[in-house]
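So the chains spell out like this:
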Amino acid sequence: MAERDDPGIIGRRVQQLRTERGLTQKQLAEPAYTPAYVSTLEAGRVRPSEEALRHIAERLGIAYEELATGRPAHLATDLRLRLTDAQRTLATGEAEIAAEQYTALLAEAEAHGLNAECAAALLGLGECAMDTGDLATARLRFEESEKRLADEPLPVRVPALRGRAVSHYLAGELRYACYLLESTIDELNKGGLHDPDALLLLYAAVIAPYMDMGAHARAAQAAEFALALAPQVGDPALLARMHRSVARTMIAEGRMAEADASLGKAAELYRQLQIRTELANCHWMRGYLYAQNGDLERAESELREAQAMHSAQRAALYTSQVAVELADVLHRRGKSEEAATLLHGVLGDLSSERGAVHSAGAHRLLGIIAEDARDTEAAEEHYVRALSLLERAGAAGDLADLCRLLGDLLRRTGRIDAALDAYRTGLGHRTAPGTTTLGPAPAHPPL
């Protein structure tokens, strides 16, 4: 039951409602209480019992909760239903409209002191900002949601914490994203807080930064734990997200058929749930899968579909990231001019603070295209910019390959010492152990 307001506030509320209804203190008090008691209560000099408030609420013709807290009856339930509506709006790709809904709900929840509903609205606003690519605002909203839930058990705070970690990941802060997710996983498992939904959400989220950092062993282990937890989870959207994330580790291990099946499960769930943003991400991941498997025609088709869906939903960051992977496929299909045009069109939307890994990928591919055109100066410039972005993000998974490309270019132009330095840098990343330099892996869940 919601906490009651203090006696002074309740007293003023009783007096206002009694006056509005044209009742005397005697009429309000009868037959169980005296006019003097009502007078004392209205003055805020006595803390009324629940029994007394229920009697007065009945005489006033309102719900007990509304009299005790000032909140209309069923307000919290109504707000939760409308939060679900806003979530549905966001799922269909209308992030800007959903943000308006969440903003109105946040104001209403704050006005009535409904803390859990405030936290849920802030979480929704964070997801909206992340979908539109406003990562700074997304982080702020997730942090605010966490603060609202500071007194709640850790599993309740996990969705906001996961949102904050993903916003850091998208900004290119891979190590910090891993730290947030790993430390939370550790706290849940070591503390015996075995919440399958919370753990699955975290394991699914940590796979992408692990892969970008070259920590394939940890990514595979996170995928293994996620799959083991799945039978205990009933939320289909969460299961779909898990299948999409796990597919990436399967692709890395060469298990293409299993990855395709996993993506098929995710896509079917998202279709049933009408979650268009995540369905677009399934097309994106399928395009990546086909590209890795050498099926470039199907890869191009899937990536174009993902790009069109994200563009229609005004998900600018995701649209630009997909464009980089599409450009790679186009280049491999002999359409280098179209690929370069596509890359130059999205580079302005990517930076070291926004899609850093894909920004580096764009510069890497532009470097390769420039080399093919015998423009070694432009190629070197793109490779160096890509190297800077990857080093800043800590994306060891791509650094070794880039150092090889740069080293080969420097060697061909006669700068042998500089080429050796580039090769050594690449070898350092290639031979690094598959960890995130954060110490031991998180504690295992009690499966």
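Scoring rules and cut-offs
Residues numbered from 1 in each chain as written. Predicted model: local features only at pLDDT ≥ 70, side-chain atom pairs only at ≥ 80, totals over all residues. Heavy atoms only, no water. Helix = DSSP H or I, 4+ residues; strand = E, 2+ residues; numbered from the N terminus. Rg over C-alpha atoms; globule rule 2.2 N^0.38 Å. Buried < 20%, exposed > 50% of the residue type's maximum accessible area, 1.4 Å probe, protein only. Contact = heavy atoms within 4.5 Å. Lys, Arg positive; Asp, Glu negative; His and termini not counted. Charge placed at Lys NZ, Arg CZ, Asp CG, Glu CD. Axes fitted to C-alpha atoms, helices over the stretch in contact; angles between N-to-C directions. Parallel < 35°, antiparallel > 145°, perpendicular 65-115°, else oblique. Left-handed = near helix turned anticlockwise from the far one by under 90°. Nonpolar A, V, L, I, M, F, W, Y, C, P; charged D, E, K, R; others polar.

### What about the overall build of the protein chain?
Here's step 1: The helix and strand tally for the protein chain stands at 23 helices and zero strands.
Here's step 2: For the protein chain, whose C-alpha radius of gyration is 28 Å, the value lies well above the compact-globule estimate of 22 Å for 447 residues.
Here's step 3: When the backbone C-alpha atoms are referred to their principal axes, the protein chain occupies close to 100 × 40 × 40 Å.
Here's step 4: Relative to its 447 residues, the protein chain shows a buried fraction of 51%.
Here's step 5: Long-range pairs, those at least 24 residues apart, make up 62% of the contacts in the protein chain between residues at least 6 apart in sequence.
Here's step 6: Taken as two groups, the 49 positive and 64 negative side-chain charges of the protein chain have centres that lie 2 Å from each other.

### A few points about the packing of helix H8 (residues 115-131) against helix H10 (residues 154-170)
Geometrically, a packed helix pair is captured by the angle between its two axes and the distance between the axes.
Here's step 1: Direction vectors running N to C along H8 and H10 enclose 20 degrees, while the axes themselves pass 10 Å from each other. Taken together, H8 and H10 sit at an angle that is classed as roughly parallel. Viewed along their axes, H8 and H10 form a crossing whose handedness is left-handed. Judged by residue contacts, Leu123, Glu127 and Met130 of H8 engage Pro159, Ala160, Arg162, Gly163, Val166, Ser167 and Leu170 from H10.
Here's step 2: The residue inventory of the contact of H8 with H10, partitioned by class, reads six nonpolar, two polar and two charged.

### Examining helix H4 (residues 50-60)
Here's step 1: Among all positions of H4, only Ala52, Leu53, His55, Ile56, Ala57 and Leu60 are buried.
Here's step 2: Packed against the buried residues of H4 are helix H1 (7-20), helix H2 (25-29), helix H3 (35-42) and helix H5 (64-69).
Here's step 3: Downstream of H4 by a residue or two, Gly61 has a phi angle that is positive, lying close to 80 degrees.

### Topic: the packing of H8 against helix H9 (residues 135-148)
Here's step 1: Interaxial distance between H8 and H9 falls to 8 Å at its minimum, and their mutual angle equals 165 degrees. In this view, H8 runs roughly antiparallel relative to H9, as classed from their interaxial angle. With respect to the hand of their crossing, H8 and H9 are arranged in left-handed fashion. Across from Asn115, Cys118, Ala119, Leu122, Leu123, Leu125, Gly126, Glu127, Ala129 and Met130 in H8, the residues of H9 making contact are Leu135, Thr137, Ala138, Arg141, Phe142, Glu144, Ser145 and Arg148.
Here's step 2: Along the lines of polarity and charge, the residues of the contact of H8 with H9 split into 10 nonpolar, four polar and four charged.

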